[in-house]
Amino acid sequence: MTEEDLQKDKSIFEVGNLQSFLSRDKYQKCLCEFIPSVINALGSKKIDYKDIILNLNPNMACVQSNDFQDIYGYINDRACTFINNISIDKIPIEKKCNDENKCLIMNISPLELKSCSKVKTEWINKSCYLPIFVLHIRNEELNKILESETNSITFAETGESLRKKGCYNEAIKAFDKAIAFDSTYAWAFERKGAALRDLSLYEDSIAALNKALEIDPKNAWTHVELGESLRINGQPEKAIEEFDNAISINPDLGWAFERKGATLRDIGNYYDSIGCLKHAIELDPENAWIYAELGESLHKNGKREEALEAFDLAINMDLKKAWVFERLGVLLNNLGRYNRASDALKKSLEIEPQNVQTLVELSESLRYSGHVIEALQVVNHALSISPKFLWAKASKAAIWNELNCCENALKLINEVLMNDNRYLYAKKIKALILNNSARYDEALTTIEEVITIEKERYWSLVIKGWIQENLGKFEEALETYEIAIHLENKFDIDRIKCCAYLGSGNSCYVMHLRSDKNKNDYQNRSIENYEKALELLKAQIDNIDAYTLSRMGWCQFRLGNYDEAERLFIDALSLHPERIESQFFMVLTLICRGKYDLALDECNSGIKLATTESDPTRCRGLLSMSLRYLNETLEDHVELKENKVVKAITQQLEYNL
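Residue numbers restart at each chain and count upward from 1, following the sequence in its written direction. In keeping with the model being predicted, local features are shown solely for residues with a pLDDT of at least 70 and side-chain atom pairs are shown and tallied solely at 80 or more, while totals for entire chains, interfaces and linings include all residues. Calculation of side-chain values draws on the structure's entire complement of heavy atoms; hydrogens and water are dropped beforehand.

Draft legend 1. Inspection of the nonpolar core at higher detail. Among the nonpolar cores identified, the biggest contains 104 residues, and Trp554, Ile649 and Leu653 are the most heavily contacted of them. Top element by residues in this core is helix α33 (residues 580–592). It accounts for nine residues. Counting 42 residues, the second-largest nonpolar core is a separate cluster that includes Phe257, Ala307, Leu319 and Val324. In plain words, nonpolar cores are sets of buried Ala, Val, Leu, Ile, Met, Phe, Trp, Tyr and Cys residues tied together by side-chain atoms within 4.5 Å. For every residue, the accessible area obtained with a 1.4 Å probe (protein chains only) is divided by the maximum for its type, and the residue is called buried under 20%, exposed over 50%, and partly exposed between those limits. Comment: elements are numbered from the N terminus, with helices defined as DSSP H or I runs of at least four residues and strands as E runs of at least two.

In structure tokens:
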């Protein structure tokens, strides 16, 4: 064998712990014949051990280095196999020590050398070089060994080693060999069942695990394995029975409680799921995965802050799994902490870059934080992987709506609803698009369809309130917002709650201006609602996202704090300059601050964003809302009505409507 042959051969794979094979004479003979040819092929060249280990180029890597301890730890961390049963005197080595009697390493294996400080010191001092060999075996070589082997335990152990490395088909061959020699070997059936589940062959997995339990019915671990296969195969009730069987055999098996807790969550029993997972933590407090499972169950149960603590604990315990970061990102999105959500979701994608669900979730957090162009890029990438993924299409429609492309957005969301007319998320997006297009009656009909079906309908109620405001139905809008606000037990998403308070404040503000009765009462309620919304928004200010800043600015504007409102709108527009709503909030603030020329410039910029030559009324709803807010402001500040610039702004908005 030549060095060129070694470089060409890429068909190798790492086997793992083969100590039982290494002890056999026939295998030693094979190695002793093979090693010299490798060394001869490599010659006396020095080789960077890190390059060899990372690239796994040769079948047998000969490594030369003075830093033996570093090599040993580097290889050992990756579970490579050391050939420590071959005596060194059978292997030619390069020596720089002239006195062979002082070269103490000649008959000491690499594994023994690690614990022998005297030898190691002498070796380093004398600059002798020791080859360290990392074992790799071709598929055909493994098959030859398996064919000639007669020990079922060895087969099963080899199969499990292969399974852990992701070589599932090879693992199943080894388990089958073990079972062929001993048909009562329960552990071989159990591990075969796990490998079959890894291949998504759930029925076969269940059959193998049931066979294992026929042989050994009191094995708690096998009951858990069977329960897991049943759970993934869509049989949660049977899965829970198996987890309970495991617990009855071994009440201290934390894994059984963990999987039972996850399965209870799958069927919506969040309360018992949390109890199971907390007990699993008591039994196995160092298991980071249980904390992640608990975080997901707490999230599903609406206990989002507790869920965040659980996920943070899992990650701080160095649990770096894509699912954990993805679920943390979803939780943070629901908490309105969009920038941190983006960070978590990006970490998930570093591990699983092609996960379309995570990509769409990331596009949502980017859209909500005002990074709309980046959100569009991410969702386009998701659609390039899965072109028919409806959530991705609906999310893209929402992004187009944010970019003031109402026509494209409506076309795409209608396409989604043609595929699934009961997709509630898509109907909410459609209602928002219709609202922005000033098609209020259609928008109201669409959102009411959602409300009649949806259980957690608080966001839909807020959307309905916005539409009712635009229809001039302020009393009805106020009633809708109040219903949303008083859904207190379920209403724990602050970003939605603050929108309900904002909407209620808006309706009370208008009714204060236009009602003869209860004028002071409406005014006080308006102030109270804006202050409540502002309190919720300030709790989220560490996110520094465009929506939070814009909504805080609107509260400050309606509370008469114009300096602070202007500062917040400037910050919001720096993050999301295409957001027309923020643009016109700024116009109103500048008018109230007496900066009339600047207000006119901002108004023209907003109108330019909202209209195009091909579709001059694409954002008619946003322009209509802006004109309404301007007229309300002028009712509250009568002295501004005669200002020439204010009149020009009013005329510009009316003309483009």
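Back to the write-up after that little detour.
Draft legend 2. Summary view of the packing of helix α18 (residues 304–316) against helix α19 (residues 322–334). Only the contacting stretch of a helix is used when fitting its axis, a line to C-alpha atoms as for every element, and angles between N-to-C directions run 0 to 180 degrees. Interaxial distance between α18 and α19 falls to 10 Å at its minimum, and their mutual angle equals 150 degrees. In terms of axis orientation, α18 runs roughly antiparallel to α19. Crossing hand, α18 versus α19: left-handed. The segment α18 lies against α19, with Arg304, Ala307, Leu308, Phe311 and Ile315 engaging Val324, Phe325, Arg327, Leu328, Leu331, Leu332 and Asn334. Put simply, angles under 35 degrees are roughly parallel, angles over 145 are roughly antiparallel, angles from 65 to 115 are roughly perpendicular, and the rest are oblique. Crossings are assigned a handedness: left-handed for a near helix turned anticlockwise from the far helix by less than a right angle, right-handed for a clockwise turn. Whether two residues are in contact is decided by their heavy atoms, any of which lying within 4.5 Å being enough.

Draft legend 3. Inspection of the environment of Leu298 at higher detail. Positionally, Leu298 belongs in helix α17 (residues 288–300). Expressed as a C-alpha distance, the spacing of Leu298 and Tyr271, which sit 27 residues apart in the sequence, is 8.6 Å. When residues no more than four places from it in sequence are discounted, the contact partners of Leu298 are Ile274, Lys303, Arg304, Glu306, Ala307 and Ala310.

Draft legend 4. Quick peek at the pattern of salt bridges. For salt bridges, the criterion is a side-chain nitrogen of Lys or Arg within 4 Å of an Asp or Glu carboxyl oxygen. In this structure the tally under the stated criterion is 41 salt bridges. With its nearest N and O atoms 2.9 Å apart, the salt bridge here joins Glu449 to Lys427. Of this pair, Glu449 sits in helix α26 (residues 440–453) while Lys427 sits in helix α25 (residues 424–436); the two residues are 22 residues apart in sequence, bridging distant segments of the chain.

Draft legend 5. Spotlight on the environment of Gln357. Mapped onto the elements, Gln357 comes out in helix α21 (residues 356–368). Sequence separation between Gln357 and Ala382 is 25 residues, and the spatial gap between their C-alpha atoms is 8.0 Å. Beyond its immediate stretch of four places on either side in the chain, Gln357 contacts Phe389 and Trp391.

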